[in-house]
Amino acid sequence: MKQGLWDRETVALLLLAALLPMLLAWLWDGGLTAAGRLGFTLVVSGFWHLAFMLIRAQPPSFAGVLTALAVAMLAPEDLSLLQLILGISFGSVIAELVFGGWGRNVLNPATVTLAFLGFGFPAAPWPDLSLPIGWAAIPALALGVLFGVMALRLVLGAVLALALCLWAGVPLAPLLPVAGIVLALLVSDPVASASTKLGGWLNGALYGLLLALFAAHWQGAAPVQMAVSAALLASLAAPLLDEIALALWILRRRMRHG
Amino acid sequence: MLPARFSAGLILPQPRLPDPADPVATELTVEAAVQPAPGETLRVELLVTEDAEVAQGQPLMRLKTAPGIALVAPMAARVARIDLQPGRRLSQLVLFHEAGGARHAFDTRGAEGDPARLRALLQDSGLWRMIRSRPFGRMPAPDEAPAAILVMGRDTRPGAPDPALAVKGREEDLARGLSALASLTAGPLLYAGPGAPAPARPIATGPLHPQGLAGPVLHRHFPARTGAPVWDLTAEDAADIGALLATGFLPPTRLIAITGEALRSPALVRCQPGADLRGLTRARVLPGPHDLLSGSALDGGPALWLGSRDRQVTALPRAQRPAGRHWFRAALDRAARHAPIIPTAALDQALGGDLPAAALVRALAAGDAEGLIRLGGLSLLEEDLALADYATGSDQRLARQLRALLDRIAAEEGLA
C-alpha cells in the first residue's frame, strides 16, 4: 500500500549524484571547453530521448544525462560536431532506446558510443584526463556503493585484479586514474554489468585483467582507449558471467536440496 | 554474515510497538466475519441460517468439494448476515457477538496418536485453514501429504507482533501442537525462530525483513515443489492445535498488533479471528480520513475484517490525490510499457539477499514459468515479494506477476 522510492529515475539520479565529484573535477580542469562539450552531448542525447518519447511513447530517463556525461568526458578530441552527433546517436539509439529505454538495454550506451567513435575515427586523439579526476573517481565509487546503485563486489573485483596484476609487474601504474574513471562511468552501470553475486566479482575482475592485458601488449594505445575497450568487452561478457553464476547457484541448490 | 545484517540502500521504518512486558488486553469486537482469503474461492454448504445463535468454535459451513473441512464461528454469536455469490461461493458471513455464549466442544479422543483422526479434527475445527501449502499458497487439500512442515516462530514484517510473545506461557500447548504436526508429515518439522521445542528442527533466520517470512526461509532450507508441497503456519496456530488437543476447545483469541501512522498510539491486543477492523481501531485513530488494512503496510490490503492468517492491522492516513497533476507527468505514467526495475542493493535486500534478484525479476516480468521454477520461485508467495514491490515503487507489481505465474503453473499441472 505504501511505495518506496527505488524506481528507475531515483536510481539514475543517485548514479548522477555519485558521479558529481568526478564531474566537478573534470569541469574545474577543463573549464569552458569542457562545459560546452557536456552541453552539446546533453542536447544530442536529450534529443533522442525526446524523439523516442514522442514517437514511441517511451518515458525519457535521466540516464540520458549519464550517457552524455560519460561521452563528454571520454570521447576522442578533435572530432567534428557531425562525427560526435553520429556517435552519440548510434550509441543512444542502437544500444539503449530501441531496446525500450534504460533498464532494458544490454550494453551501456556510452560504452557503445565511445567504441563506435574509437573504431570509426581512429585518427582522433583520445583525451588525456588529469590526475585529480582520477582521484575523484574514488569518492564517486564510494558514493555509488553507499547508495547501493553500484555493486561493491564489482568494484572490489576490479580493484583486486588490478592490484594483483600490478604486483605481478604489469606496467599498469599510468593507467590507474583512467581505470578508476572508466570503472565509475561505464563498468559499474547497474544495468549493463553482471547482476549476480559471483557474476559481479567476475565482471570486475575481467575488466581489471583485460586492462592489464592491454597495458602489457597493446602498443601505442591511449589509456582511455584501453580502458574503454576493456569496459566494452567486460560488459559484453556480463550476461555470460551471470549465466555461469546462475548455473553454479542452481547446481549448488540442487546438490543441497536434491 | 555481514550481508545478512547490513545492506546499502534500503532502510525500512519500523513502527513503534508497545512494550511487550505490558499486559495485553483482550478485545473482542462486536462484529466479526468469516470470509475467504483474497483470491480464494470457497463453495460452501451452510450449516446455520441467518439469526441462528452459534457457540464459539461451532462449524458454520462445510466446503462442497471437501465436506470434511469446516469454517467455524470465531466467537459466541448470532448470525447477522450471510452473503453468498452465485454457485454458493462464500462472500462473507457476519456475526454479532453474544455475551455469555457457549463454546463448542470437539471430540479429540484418539486424535493425538492417529494422524487420520488428527487430520479430521483439524479440518472440522477450522484450524486446517490456518495451514498454507506451498507452492501456490492455498489451504491444503484434505488428503495432501506434506514433504515438510514449517512453523514460523518469527515475523520480521514491520510492526508485526513477536510470535514468541503470542506463545509465551503456552509452551505445553506449543509442544503438544508440534508433536501432533510432526505426525502429519513423513519429512522434517521445521521451526524458524528462537527456542524451538522438542520434536521440531530449529532453523536460524536473519533479522532483516523479509528473512523472517516463511517464503525466504523455505526457499533456503526446504524448497517446495509441485510434487512435494510444504506447509507453513505460525507458532500461535501450532499452539492452538495443542490447546485444542488438550482441552477440546478452540482458543478464542489471537495476538495482533495495531499500528500505522493514522493511530494515536500503537497497540497489542488479543482479538478473535475475523475481527471487525473498525471496531478494533475506532478508539485509537486520529481524526481525519484513513484506510484500514488487514496485514502489514507492505503486504496488507484494504479490508473490513481481519484476514484469516493476518496478525496485523494497519491504519494509514488516506493518500491525498494530488490536485493538479501535470498532464505531461500523467501521460508518462500511462506509458504502454512501464519503466523497468533496475537491479540495486535495495532490490537484493528486499528479496532476502539470497535470491538472484535480477534473474527473478526478469523471469517474473517475462512470465517465464520454467525460469521461476529453476530459481526456486515455487517456495514464494505474494507476501514474500511485497517488500520488493514497496522498495522499487514500480507500477508492475512483482507480487501480482508472481500470482499470475503461479496460477498458470497450477493450471498446467492440473491443480487449479
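Just so you know, these numbers come straight off a predicted model, no measurement behind them.

K.L.:
Can you help me understand the overall build of chain B in this one?
P.N.:
Per the secondary structure count, chain B includes 13 helices and 18 strands. When the backbone C-alpha atoms are referred to their principal axes, chain B occupies close to 60 × 50 × 50 Å. Buried positions account for 51% of the 416 residues belonging to chain B. Of the contacts formed within chain B by residues at least 6 apart in sequence, a portion of 66% connects residues at least 24 apart.

K.L.:
Got a minute to help me understand the interface of chain A and chain B in this structure?
P.N.:
When the parts come together, some accessible area is lost, and that loss is often what is quoted as the size of the interface. At the junction of the two partners, chain A supplies 29 residues and chain B supplies 29 residues. Elements with a minimum of two residues in the side of chain A that touches chain B: α1 (8-56), α5 (131-147) and α9 (223-257) of chain A. The leading source of residues in the side of chain A that touches chain B is α9 of chain A, at five residues. Considering only residue class, the side of chain A that touches chain B consists of 15 nonpolar, nine polar and five charged.

K.L.:
Would you take a moment to explain the environment of Gly 367 of chain B for this structure?
P.N.:
Residue and element names in this part refer to chain B. By secondary structure assignment, the location of Gly 367 is in the loop between α10 (357-366) and α11 (369-374). On the neighbour-count criterion, Gly 367 (12 C-beta atoms within 10 Å) is exposed. When the C-alpha atoms of Gly 367 and Ile 11 are compared, they prove to be 30 Å apart, with 356 residues separating the residues in sequence.

K.L.:
Before we go on, may I ask you to explain the sheet that holds strand β3 (residues 44-46) of chain B in this structure?
P.N.:
Sheets are built from strands that pair by backbone hydrogen bonding, the pairs being arranged parallel or antiparallel. Residues and elements named next belong to chain B. Taken in spatial order, the three strands line up as β3-β5-β6 in an open sheet, and their pairing is antiparallel. What marks the edges here is a single partner per strand, and that holds for β3 and β6 (70-72). Neighbour to neighbour, the strand axes of the sheet diverge by 30 degrees on average, direction disregarded. As paired strands, strand β5 (residues 59-63) and β6 are joined by three bridges and run antiparallel to one another. Looking at β6, one finds that Arg 62 is bridged to Ala 70.

K.L.:
Please clarify how the nonpolar core should be interpreted in this entry.
P.N.:
Here is a general trend for soluble globular proteins: nonpolar side chains tend to be buried in one another's company. Membership of the largest hydrophobic core comes to 212 residues, with the highest contact counts inside it found for Met 22, Val 182, Leu 211 and Ala 227 of chain A together with Leu 150 and Val 151 of chain B. Broken down by element, this core gets its largest block of residues, 13 residues, from α9 of chain A. Look past the residues within four positions of Ala 227 of chain A in its chain and what remains in contact with it is Leu 175, Val 178, Ala 179, Val 182 and Leu 211 of chain A.

K.L.:
What's the story with the packing of helix α12 (residues 382-392) of chain B against helix α13 (residues 398-412) of chain B in this structure? I'm lost.
P.N.:
Helix-helix packing is characterised by the crossing angle of the two axes and by the distance between the axes. Residues and elements named next belong to chain B. Between α12 and α13, whose axes approach to 8 Å, the crossing angle comes to 150 degrees. By the angle between their directions, the pair α12 and α13 is classed as roughly antiparallel. Two secondary-structure elements touch here, α12 through Glu 382, Leu 385, Ala 386, Ala 388 and Asp 389 and α13 through Leu 398, Ala 399, Leu 402 and Arg 403. Taken together, the residues of the contact of α12 with α13 break down into six nonpolar, no polar and three charged.

K.L.:
Quick question: what am I supposed to make of the packing of α1 of chain A against α5 of chain A here?
P.N.:
Residue and element names in this part refer to chain A. With their axes 7 Å apart at the nearest point, α1 and α5 run at an angle of 170 degrees to one another. Considering their axes alone, α1 and α5 lie roughly antiparallel with respect to each other. Listed contacts from α5 to Leu 14, Leu 15, Ala 17, Ala 18, Leu 19, Pro 21, Met 22, Ala 25, Trp 26 and Asp 29 of α1 are Pro 132, Ile 133, Ala 136, Ala 137, Pro 139, Ala 140, Leu 143, Gly 144 and Phe 147. Along the lines of polarity and charge, the residues of the contact of α1 with α5 split into 17 nonpolar, one polar and one charged.

K.L.:
Could you clarify how one ought to interpret the sheet that holds strand β18 (residues 312-317) of chain B in this entry?
P.N.:
Residue and element names in this part refer to chain B. Pairing is mixed in the open sheet, where six strands are placed in the order β1-β15-β14-β18-β16-β17. Every interior strand has two partners, whereas the edge strands, β1 (25-26) and β17 (301-302), have only one. In this sheet, strand β15 (residues 267-271) lies alongside strand β14 (residues 254-259) in antiparallel orientation, the contact comprising five bridges. Pairing of Ala 257 across the sheet is with Leu 268, part of β15.

K.L.:
What exactly am I supposed to notice about unusual backbone geometry here?
P.N.:
Trans is the prevailing form of peptide bonds, just as negative phi is the prevailing case for residues other than glycine. The omega torsion of the bond from Arg 134 of chain B to Pro 135 of chain B falls at 0 degrees, within 30 degrees of zero and hence cis. Its place among the elements puts Pro 135 of chain B in the loop between β9 (132-134) and β10 (148-152). The amide bond that connects His 209 of chain B to the next residue, Pro 210 of chain B, takes the cis arrangement and shows omega of 5 degrees. If you trace the backbone, Pro 210 of chain B turns up in the loop between β12 (201-203) and α5 (214-221). Here Ala 57 of chain A, not a glycine, exhibits a phi torsion of approximately 55 degrees, which is positive. Residue placement: Ala 57 of chain A occurs in the loop between α1 and α2 (63-74). The phi torsion at Arg 88 of chain B lies on the positive side, around 55 degrees, for a residue other than glycine. Within the secondary structure layout, Arg 88 of chain B lies in the loop between β7 (77-85) and β8 (89-97).

K.L.:
Even after reading the chapter, I still don't get helix α6 (residues 152-167) of chain A, so can you show me in this structure?
P.N.:
Residue pairs spaced three or four apart in an α-helix point in one direction, given the helix's 3.6 residues per turn. Residues and elements named next belong to chain A. An ideal rise of 1.5 Å per residue puts 22 Å on 16 residues; α6 measures up with 22 Å between its terminal C-alpha atoms. When α6 is considered as a whole, its buried residues turn out to be Arg 153, Leu 154, Val 155, Gly 157, Ala 158, Ala 161 and Leu 162. The elements touched by buried residues of α6 are α5, α7 (176-187) and α8 (197-217). Positive backbone phi, approximately 95 degrees, marks Gly 169, located one or two places after α6.

Definitions and limits used
- Residues numbered from 1 in each chain as written.
- Chains lettered and ligands numbered in written order.
- Predicted model: local features only at pLDDT ≥ 70, side-chain atom pairs only at ≥ 80, totals over all residues.
- Helix = DSSP H or I, 4+ residues; strand = E, 2+ residues; numbered from the N terminus.
- Buried ≥ 20, exposed ≤ 12 C-beta atoms within 10 Å, placed from the backbone.
- Contact = placed C-beta atoms within 7 Å.
- Nonpolar A, V, L, I, M, F, W, Y, C, P; charged D, E, K, R; others polar.
- Pairing = 2+ DSSP bridges.
- Axes fitted to C-alpha atoms, helices over the stretch in contact; angles between N-to-C directions.
- Core = buried A, V, L, I, M, F, W, Y, C linked by C-beta atoms within 7 Å.
- Parallel < 35°, antiparallel > 145°, perpendicular 65-115°, else oblique.
- Expected span 1.5 Å × (residues − 1).

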